[in-house]
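Below, each chain spelled out in residue letters.
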Amino acid sequence: MRSVRLALPAFLLAACVARADLLPDNRPIPEAIDHYVDAKLTKSAITPAPQADDYTLIRRLTLDLVGRIPTPAETRSFVESTDPAKREKLVDRLMASPGFVRHQANQFEAMLAGPNNRGGGNGLRDYLTRALGENRPWDQIFRELLLPDESDPKTKGSSDFLRSRVADIDRVTIDTSIIFFGVNVSCAQCHDHPLVSDWKQDHFYGMKSFFSRTFDNGGFLAEREYGLVRFKPTKGPERQAKMMFLTGTAVNAPGLKEPTKDEEKKEREKFEQFKKDKKAPPPPSFSARAKLVEVALQSKEAEFFSRAIANRLWHRFLGYGLVMPLDQMHSENKPSHPELLEWLARDVSSHKYDLRRVIRGIVLSKAYSRSSKWTGDTIPGPGLFAVGRLKALTPMQMATSLRIATSDPQAFESGKPEEFEKRIEGLESAARGFAGSFAQPTDDFQIGVSEALLFSNGDKIAREYLADGNDRLLARVKAANDPDKAIDLAVRSVLCRPPTPEEQRALKEYIGRRSDRLSEAYRQVIWALISGSEFRFNY
Amino acid sequence: MGIKHFCGSTDHAISRRGFLGTAAAVGTAAFADMTGLEWLSSPALAGELKKQQKRVILLWLAGGASQLETWDPKPGAATGGPFRSIKTAMPGVHISELMPKMADRMKHTLIIRSLNTKNADHGGGAKLMMRGRRDEANVKFPDLGAVVAREMGRADSKVPDYVTFYTQTEGRGMAPGDAGFLGSRFAPMELTTNNMPENIRKIDGMTELDHQQRADLRDLLSQQFAQGRTSPTLGSQNEAYQRVRGLMSSEALFDVTKESDKVRDLYGRGQFGEQCLIARRLIEAGVPFVRVARAWWDSHGQNFETHQEMVPELDYVMAALVDDLKDRSLLEHTLIITLAEFGRTPGINPSLGRDHFASAWSCSLTGCGIKPGVYGKTDATGNKVAEGEVDAAKLFATIYSALGINPHKNYYLGSRPVPLVEPGTDPIIEVLA
C-alpha cells in the first residue's frame, strides 16, 4: 500500500509559518506563549490588563482544571501563602487530583459531542475518564475513538463516538473533520466551498470515502472490504471519489472497484453470521478507517491534527481560539497569532500529544492569568488576549459549584485530603441531574429566560440550595450572629473573595431592613449571590 | 452586543424608541410595572404596535389531519369518504361539511391545496414543517416560532416571545419547539402539563416586595461585576433576569377566567379552545408567536369517526379565533396557520383509516393580509398535485413574506450565510397582499 500526494497542497504551505523561524522548541510553554502574545500587543500599542488578583486566579484555575469553584479554605490558603511558587504548586495539586480527570472528561465529552450535541453518554465518558486518567496521548485517544476494539475492556465505550453517528456517514465525515482537524467541509458536500478555495467537493467526498464502508451490524460497528463513493459535481459528469485526506493526500487502496456479485454475496453472508452470533466482526483486511488514522497522523498531514488540538485547548482555557471559529482553520481565516499556533502545534506533536503538558503550559502563562476587567476606554478585540475573557460555566461547573457555594464551608475543612476528594466527588455526582437544567455554552451562548425563571421561582433552587439544614451555608451564616461576619462568610463562600466595602454596605442595609425575618433576609442575600453574573461566569 | 444583536432591524429600533419615549412621558412609575396588557391600553402605542408588529398563531394538527375531511373534500370520488362538501362564503369554494363555521368565514382564509412536502414520516415531517427546511449535518435550523421570536420579539419585552402548548403526548417528542442555532434566548416557553408556564408563579413563602427587592439586589451586584466587562452571554443573562418580573406579571395572560363567560363560551370550554383563547390573550399582549398543538389526528384506523369528532372542534375554535381577532382589529396583523407534519392518503385502508401522505395535502393561512380563496389543486382522487405545487420552502417563503420578513434574509453562522429559506425559493406571490 502506498500513499501518494497527488496535488501540492499549496494552501497548507501558505497557512503555515516556516518552523525554522520559530522560537526554539526547548523554551517553556508559558514563555513561548507570552513572547508571541506580548509581541502582538506591543505591535498594536496596547497595554494589557494587569494580572488577576489571587482570589480571581485560584477561582479561575480551580474551575478550569477541576470544574468547580474553590472552597473558602482553599482560597484562604492560596491567598495567604507567600510561597513564590504557589501558582505552580496549586496547578500541580489540582492536576494531580481525581477531579482533574473527571472535569477534563466532561470537557472532552462535550467537545466530542460536537456542535449538535450528538453521541456522548455514560459509555464515552467512562472511556474518557479512563483514558485521561492514564494520560493517554491525544493521538492514541483519536485512534481508539475511530478504531474502537469493542472486545477490549481498556477502550470500552470509545465506540460510542462512531456508533452514535454511524447511521449517517455524512455526519461522521463532517463531525470527524470538525472535531479532530478543525475543518468544516459540510459546504463542500453540495458544491465547492464558495468562500474558501481550500475546500472542494473532492475533499468532502474524499474524507467520506474513509468512512463509507463503515456501518452498524446488529449493534456492532463493522466495516466492509469494498465500497466506493460516487458524487455528482456541480460541473461535469458523476465521478468516483478518491480516498483523500484534507491536505489532498490520496490513498491508493485496494477494493477501489465495485465488488463482483459473488464477492458481495459472500460478504453479506459473513456479516449476517456475526449479527446472528451477536459478535463484533473483525476489521477488514484493508480498513479505510484505519488508513485515515494512519494518514492523518503522518508527519506532514498531522499538522491539521496538532493545530486543531492546540487551538481547541487554547480556546478552552482562554475562552477564544487562536483561530475562530474553531471549525474554520483554513488559509483564508488566519490565526490571530500564526507563530504561536505553529509553536504550540509543534510542541504538542513532538511531545507525544501529551495533553497535560499543554494544559499546564497554557495555565501558567501570563496571557491566561490577566484580569477580565478593562479599565480603559475601548475593550481590545478578543484576538489580542489583552484582557481575560468571560467564560460561561458549563452545566457541570455550574451545578457542582452551586453545591459547594451553598454548603456549610466548615464541611470542607476537616479531614484528610482523601476525604475531601471523596466529598467533592459525591457533590459532583449529586449535581449531575441538576446540570441538565443548563445549556452547554457555545461561542455566542445566550442565556434564556427559563434559567432566570428557574432561579427566581424554581422549587429546586429553594429546596436544595437555600434550605436551612445543618450542613447548609444558610445555617452557618445565621449562626454568625453578626451581620458583618455573616455577609463576609456568605460572599466568601459563594464568590470566593471577601466582599467589597460597597457590597458590605448594601447587603448590611438589605438585611437591616429585614430584622424581623433575618433567616429570610440571609436566604435572599445568598440567592442574589448565586443568581448574579459573577457566579455564572469563570472570569 | 446584547440588544443590538437581538434586534438588528431599523423598524424595531424606531418602534422601541417610540415606546420608550411615550412611556417616559407617562412617567417612570408606569414603565416599571407595565405589563403587556397595560401597555396596550395606551392607544398610541397599540396603534404603532398594530402597524408594525405581526404575530402568528399556529394551530398544529399533530399526527396529520386529513385534507379530505377538511380543506379539500372529494365527495363522490372512490377516495372521498362519507362526508359531503358544502358551499362557502367564497363563491366556487367548497370545503368539508364538517367545517360549516369556517365555510361561513372563508372570506378571510386561504386554503393551499397543493402541498407536496415528500416526507411522510412523523419525526422528519414534523421537523420539516416546523422549519421549512431540513437540518444539515452540522446546522440545526431554528423553527418558525424561533425565527418569528427573533424577528418580531423585543429585547425589553414583558411577555414571552414564543409560547407553545402541546399537552397531548402524540408526537410531542417529535416536534418540540426548537430555536436551533439561534440559541436558548429564542427557545420557546413550552407548556406540556397545564396551561400555566413553569416557574412563572412567584415561589411560595415570599412577599411580592421581597421578591422584587431580592431581584434588585441581584441586579445591583451584577451591575458592579459588569463594569469593564462585556460579553453577549453576560448581556443575555442580565436581560433574562430583567424579564422575569414582566413574565411573572404575564401570569394573568394564561388565566382564561379573566375572560367573560361570553368569550369563553365562544371558544368552548375544551382544552384546545381554552389554549386558543390564551393564545389570543398572548398575541394581544405582544407575544409574537404562539403554537397550539392539538393531537390524535393520526387516524390509521377509523379515520371518519376520528374526523367526525375532531374537525367540528377545529371548526368552531378556529372560527372563534377569527371572529375574536377581527373584533379586536387584530386579524389584519395576525396570521393563523393550520398545519401538520403531513396529510392523509386518499386511499382508505382496510381498517377504514387513512395513512401518512405528504404528496398532495392542504394547509390554511388566515389574516395578515393574505388573499382568501384557494391556491393549488389536486387531481380528481386527491392522489397528486394537479396545479400550483407548493413545497415546504415555498410555504415558508410565503409565511415570512406575509409577516414582512424577507425570506431571503441571511443569518450568519460564523462567516457562513444561512438564508431563512432554501435559496432560489419564491413565495406564492398571488396570495400576498
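In every chain, residue numbers begin from 1 and rise along the written sequence. The naming scheme follows written order: chains are lettered A onward, ligands numbered 1 onward. Where totals are concerned, whole chains, interfaces and linings use all residues; where local detail is concerned, this predicted model gives features only for residues with pLDDT of at least 70, and gives and counts side-chain atom pairs only at 80 or more.

## Re the overall build of chain B
Then step 1. For the purposes of this entry, the term helix denotes a DSSP run of H or I that reaches at least four residues, the term strand denotes a run of E that reaches at least two, and both are numbered from the N terminus. Secondary structure assignment for chain B yields 14 helices and 16 strands.
Then step 2. Using C-beta atoms placed from the backbone, we call a residue buried if 20 or more other C-beta atoms fall within 10 Å of its own, exposed if 12 or fewer do, and partly exposed for counts in between. Within the span of chain B, comprising 433 residues, buried residues form 52% of the whole.
Then step 3. Here, residue contact means that the backbone-derived C-beta atoms of the two residues sit within 7 Å. Sequence separation of at least 24 residues holds for 73% of the intrachain contacts in chain B that already meet a minimum separation of 6.

## Quick look at the packing of helix H14 (residues 302-318) of chain A against helix H16 (residues 355-363) of chain A
Angle between the axes and distance between the axes are the two parameters that describe a pair of packed helices.
All names here are of chain A.
Then step 1. Between H14 and H16, the least distance of the axes is 10 Å, while the angle of their chain directions is 45 degrees. Considering the angle they form, H14 stands oblique to H16. As H14 packs across H16, the resulting crossing turns out to be right-handed. Between H14 and H16, the contacting residues are Ala310, Leu313, Trp314 and Phe317 on the first element and Val358, Ile359, Ile362 and Val363 on the second.
Then step 2. Grouping the amino acids of the contact of H14 with H16 by side-chain chemistry returns eight nonpolar, no polar and no charged. Orientation is described by lines fitted to C-alpha atoms, with helices fitted over the stretch in contact, and by angles between N-to-C directions that extend from 0 to 180 degrees. Should an angle fall under 35 degrees it is called roughly parallel, over 145 degrees roughly antiparallel, and 65 to 115 degrees roughly perpendicular, with every other angle called oblique. Note on convention: the crossing is left-handed when the near helix lies turned anticlockwise from the far helix by less than a right angle, right-handed when the turn is clockwise. In this count, Pro and Cys sit with the nonpolar residues alongside Ala, Val, Leu, Ile, Met, Phe, Trp and Tyr, while Asp, Glu, Lys and Arg are called charged and the others, Gly among them, polar.

## A look at unusual backbone geometry
Peptide bonds are mostly trans, and most non-glycine residues show a negative phi.
Residue and element names in this part refer to chain A.
Then step 1. The omega angle of the peptide bond from methionine 324 to proline 325 is -10 degrees, so this bond is cis rather than trans.
Then step 2. The residue proline 325 is located in the loop between H14 and helix H15 (338-350) in this model.
Then step 3. The backbone of lysine 352 sits at a positive phi, close to 55 degrees, despite the residue not being glycine.
Then step 4. Tracing the chain through its elements places lysine 352 in the loop between H15 and H16.
Then step 5. C-beta crowding within 10 Å serves as the criterion here: with 11 such atoms nearby, lysine 352 is assigned to the exposed category.

## A short note on the pairing of strand E4 (residues 109-115) of chain B
Residue and element names in this part refer to chain B.
Then step 1. Counting buried positions over the seven residues of E4 gives seven, a clear majority of the element.
Then step 2. Whether two strands pair depends on DSSP finding at least two bridges between them. Inspection of the sheet shows E4 paired to strand E11 (residues 361-366) by five bridges, in the antiparallel sense. Bridge pairing in E11 places leucine 110 opposite leucine 365.

## Structural notes on the sheet that holds strand E8 (residues 334-339) of chain B
Residue and element names in this part refer to chain B.
Then step 1. Strand order in the open sheet formed by eight strands is E6-E5-E7-E1-E8-E11-E4-E12, and the pairing between neighbours is mixed. Each of the sheet's edge strands pairs with one partner strand only, and the pair in question is strand E6 (189-191) and strand E12 (373-375). Neighbouring strand axes in the sheet, compared pairwise and without regard to direction, differ in orientation by 15 degrees on average.
Then step 2. In this structure, strand E1 (residues 55-61) lies alongside strand E7 (residues 289-294), joined through six bridges in parallel fashion. The residue of E7 that forms the bridge with leucine 59 is valine 292.
Then step 3. Sitting on the sheet, helix H12 (residues 271-284) is in contact with E1, strand E5 (162-165), E7 and E8, with an inclination near 175 degrees to E7.
Then step 4. Contacts between helix H14 (residues 392-402) and the sheet are confined to E4, E8 and E11, with E8 contributing the most and set at about 160 degrees to the helix.

## A look at the nonpolar core
Then step 1. With 102 residues, the main nonpolar core has Ile57(B), Leu282(B), Val292(B), Leu335(B) and Ile337(B) as its most contacted residues.
Then step 2. Top contributing element to this core by residue count: helix H13 (residues 303-327) of chain B, with 10 residues.
Then step 3. Setting aside chain neighbours within four positions, we find Leu335(B) in contact with Lys54(B), Val56(B), Leu365(B), Gly367(B), Cys368(B), Ile370(B), Ile399(B), Ala402(B) and Leu403(B).
Then step 4. Definition of nonpolar core: a set of buried Ala, Val, Leu, Ile, Met, Phe, Trp, Tyr and Cys residues joined via C-beta atoms within 7 Å. Ranked by size, the runner-up nonpolar core spans 91 residues in total, among them Leu146(A), Val229(A), Trp343(A) and Ala367(A).

## A few points about the pairing of strand E3 (residues 220-223) of chain A
Residue and element names in this part refer to chain A.
Then step 1. Pairing of strand E2 (residues 214-217) with E3, which is carried by four bridges, proceeds in the antiparallel orientation. Residue pairing for E3: asparagine 217 is matched across the bridge by phenylalanine 220.
Then step 2. Turn length for the E2-E3 hairpin, with the two strands adjacent in sequence and antiparallel, is two residues, and the turn residue glycine 218 shows positive phi of about 60 degrees.

## Overview of helix H22 (residues 483-495) of chain A
Residue and element names in this part refer to chain A.
Then step 1. With 13 residues, H22 should reach 18 Å at 1.5 Å per residue; the first-to-last C-alpha distance of 17 Å fits that figure.
Then step 2. Pro483, Ala486, Ile487, Leu489, Ala490, Val491, Ser493, Val494 and Leu495 are the residues of H22 that are buried.
Then step 3. Considering only its buried residues, H22 is in contact with helix H4 (72-80), helix H17 (395-405), helix H21 (473-479), helix H23 (501-512), helix H24 (518-531) and helix H25 (533-536).
Then step 4. Of the residues trailing H22, cysteine 496 is marked for its positive phi of about 65 degrees. A helix is expected to span 1.5 Å multiplied by its residue count minus one.

## Comments concerning H4(A)
Then step 1. The set of residues buried in H4(A) consists of Pro72(A), Glu74(A), Thr75(A) and Phe78(A). The buried side chains of H4(A) occupy one side of the element, clustering within an arc of 160 degrees when seen end-on. The arc refers to the directions leading from the helix axis to the C-beta atoms.

## Some details on the interface of chain B and chain A
Then step 1. Residue-level contacts link 40 residues of chain B with 51 residues of chain A.
Then step 2. Among the elements of the structure, helix H9 (208-226) and helix H10 (232-249) of chain B are those that each provide at least two residues to the side of chain B that touches chain A.
Then step 3. For the side of chain B that touches chain A, the leading source of residues is H10(B), giving 11 residues.

## Notes on the packing of H9(B) against H10(B)
Residue and element names in this part refer to chain B.
Then step 1. Following both chains from N to C, one finds H9 and H10 inclined at 165 degrees, their axes separated by 11 Å at the closest point. Here H9 lies roughly antiparallel to H10, going by the angle between them. Crossing hand, H9 versus H10: left-handed. Taken together, the residues of H10 that come into contact with H9 (itself represented by Gln212, Ala215, Arg218, Asp219, Ser222 and Ala226) are Leu234, Asn238, Tyr241, Val244 and Arg245.
Then step 2. Each residue belonging to the contact of H9 with H10 can be placed in one class, and the counts come to five nonpolar, three polar and three charged.

## A word on the environment of Gln504(A)
All names here are of chain A.
Then step 1. When you line up the elements, glutamine 504 lands in helix H23.
Then step 2. Taking the C-alpha atoms as reference points, glutamine 504 and isoleucine 58, 446 residues apart in sequence, are found 22 Å from one another.
Then step 3. When neighbours within four sequence positions are excluded, glutamine 504 is seen to be in contact with Asp484, Ile487 and Pro499.

## Concerning the confidence of the model for chain B
Residue and element names in this part refer to chain B.
Then step 1. The share of residues in chain B with pLDDT of 70 or more is 88%, and the mean pLDDT across the chain is 86.
Then step 2. In this model, residues 1-51 is a region of pLDDT below 50 whose contacts with residues beyond four sequence positions or in other chains number 44 contacts.
Then step 3. On the interface metric, ipTM, the complex scores 0.91, and its pTM is 0.81. Confidence scores labelled pLDDT are given residue by residue by the predictor and lie between 0 and 100.

## Re the environment of Tyr539(A)
Then step 1. Relative to the elements of secondary structure, Tyr539(A) occurs in the segment after strand E9 (537-538).
Then step 2. Residues Tyr539(A) and Lys508(A) lie 31 residues apart in sequence; the distance between their C-alpha atoms is 26 Å.
Then step 3. With sequence-adjacent residues up to four places away left out, Tyr539(A) is seen in contact with Ser372(A), Gly388(A), Leu390(A), Glu534(A) and Arg229(B).

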